[in-house]
Amino acid sequence: MTIATTLPDARGRFGTYGGRYVPEVLIPALDELAEAWAELRADAGFRAELARLSETFVGRPTPMTRADRLSARLGYEIWLKREDLAHTGAHKINNALGQALLAKRLGKERIIAETGAGMHGVATATACALLGLPCVVYMGEEDTRRQAPNVSRMELLGAEVVPVTAGSRTLKEAVNEALRDWAASVRTTHYIIGSVVGPHPFPVLVRDLQRVIGDEARPQFSGATGGADPDVVTACVGGGSNAIGMFTAFVGTPGIRLIGVEAGGRGSRLGEHCSSLTQGHPGILHGAMSYLLQDDDGQVARTHSISAGLDYPGVGPEHAYLRDAGLAEYVSASDEDALDGFQALSGSEGIIPALEPAHVIGWLLHRPLEPGTSVLVCLSGRGDKDLDTVRASLRIS
Ligand SMILES: *Cc1c(COP(=O)(O)O)cnc(C)c1O
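Per chain, residue numbering runs from 1 following the sequence as it is written. Residue-level local features of this predicted model are given only where pLDDT is at least 70; pairs of side-chain atoms are given and counted only at 80 or more, and the full residue set underlies all totals for whole chains, interfaces and linings. Excluded from the side-chain calculation are hydrogens and water; included are all heavy atoms of the structure.

Caption draft 1: Focus on the layout of surface pockets. Buriedness of a pocket was judged along seven lines, with at least five required to meet protein on both sides within 12 Å; pockets are open sets of points on a 1 Å grid over the protein atoms alone, cavities are sets where a 1.4 Å probe fits but cannot get out, and lining residues have an atom within 4 Å of a point. Grid points are joined across faces, edges and corners, and a volume is the space filled by probe spheres set on the points. In this structure, the largest pocket occupies an estimated 490 Å³ of space. Forming the boundary of the largest pocket are 19 residues, of which Arg47, Leu50, Asp208, Leu209 and Val212 lie nearest the centre. Only DSSP runs of H or I with at least four residues qualify as helices, and only runs of E with at least two residues qualify as strands; both kinds are numbered from the N terminus onward. Contributions of two or more residues to the lining of the largest pocket are made by α3 (44-58), α5 (92-105), α10 (202-210) and α11 (212-224). Just so you know the grouping, Ala, Val, Leu, Ile, Met, Phe, Trp, Tyr, Cys and Pro go in nonpolar, Asp, Glu, Lys and Arg go in charged, and all remaining residues, Gly too, go in polar. Here the lining of the largest pocket is composed, by residue class, of 10 nonpolar, two polar and seven charged. As a volume, the second largest pocket reaches approximately 400 Å³. Elements with a minimum of two residues in the lining of the second largest pocket: α8 (148-156) and α17 (387-394). In terms of residue class, the lining of the second largest pocket is made up of five nonpolar, six polar and eight charged.

Caption draft 2: Here's a closer look at the side chain of Thr144. Relative to the helices and strands, Thr144 resides in helix α7 (residues 141-146). One polar contact links the side chain of Thr144 to the main-chain carbonyl oxygen of Glu141, over a distance of 2.5 Å. Setting aside residues up to four positions removed in sequence, Thr144 forms contacts with Met139, Val151, Val161 and Pro163. Polar contacts, as used here, are pairs of N or O atoms within 3.5 Å; protein pairs need one atom able to donate a hydrogen and one able to accept it. Residues neighboring in sequence count only if both atoms are side-chain atoms. In this analysis, two residues are considered to be in contact whenever any of their non-hydrogen atoms come within 4.5 Å of each other.

Caption draft 3: Up close: the pairing of strand β6 (residues 135-140). Of all the six residues making up β6, six are buried; the element is thus mostly covered by neighbouring parts of the structure. Residues of β6 alternate between two faces, with Cys135, Val137 and Met139 on one and Val136, Tyr138 and Gly140 on the opposite face, all of them buried. DSSP-based pairing: two strands are paired if at least 2 bridges between them are found. Two strands pair when backbone bridges link them, and strand β5 (residues 110-115) and β6 are joined in this way by five bridges, in the parallel orientation. Paired with Thr115 across the strands is Met139, a residue of β6. Running through helix α6 (residues 119-131), the crossover from β5 to the neighbouring parallel element β6 is right-handed. As paired elements, β6 and strand β7 (residues 160-164) share five bridges and run parallel to each other. Paired with Tyr138 across the strands is Val162, a residue of β7. The classification of residues rests on relative accessible area computed with a 1.4 Å probe and restricted to protein chains. Under 20% of the type maximum is buried, over 50% is exposed, and intermediate values are partly exposed. Here is how to tell: hold the view so the strands point away, follow the path from the first strand over the helix to the second, and if it runs clockwise the crossover is right-handed.

Structural measurements only, silent on function.
And the structure:
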């Protein structure tokens, strides 16, 4: 089965999910983008340029590390795909660089992006500095305060950071503002969206750029284990890009379980978590139909997670499809689990993970799998950005 490479259909649908729920002014730009991507994704020159920069600038292929001491402690065979070692410290650069190259090919003169924690903003500002493109990043005002070091990084990289003061002043409003800018500037501007969300073709475009994670990891795993596949492939799910990037190489393979870990936050009450696939219902957000956290009136709910990168009420439409089709499973891990995972990986492997993938480690600490299971984890980023949060939560100094 090669589901992930044949979906979405021509209308950008993953089953009933995805699509384009956007103002009409954006349709021509989305059409142009879809057509350009259909050509470029197979274009030898484009692929060679992206491959060269992925190697010489990003540092790909990223290694895969066996987590020996954690494996011994839990009774699993745990392997880590090290996206924390990619330039700028997370998988986000795979997408940002690919889309910036695409924008150049389309003749766009200006880049806009949204960011929550700032990781996608930093990745986009980095790609724009590399390629000489002006860059504007929309960021909720609340996030500019919580993530001040990333604001400094973006500014140093030459980007303009625009604080968004609407609503809860976080990621959801930043996406709204970026979409508003794009509707007014679409002829000259490309919008680099940060995850496998938004209107078609963004979910497929971002997936195609992130699938390098799994395309590298599958042969790395079989090379290290004498030809085997992992029993379980797992990743954290915010918008879902690192998870789709990892899952795509494995989806539909009998015997391999794909497990996405959502942010369970402080508890299961609406507003206390970001578990859209395990606790939400289908709805429309940011131009696409997918699982969504919403109240009884259909209003998009507030969310909470200790990790800003998972703090989003929606999720990419392909995950909604994989969930309903039984091709992937989704679970959730709490803030506390993430803090446990953060400390466990730091202390037993010498790797300080971002709080996002620390949710996966925290989930594994509960021993939810059969003893002896081999587990391939997407370690989506490094934890430097989270030290203040962790220190405050653990009350250490
Ligand atoms: C942004 C981010 C995520 C969440 O985004 P996805 O699109 O779900 O991958 C996860 N991990 C890290 C390190 C991030 O920066």
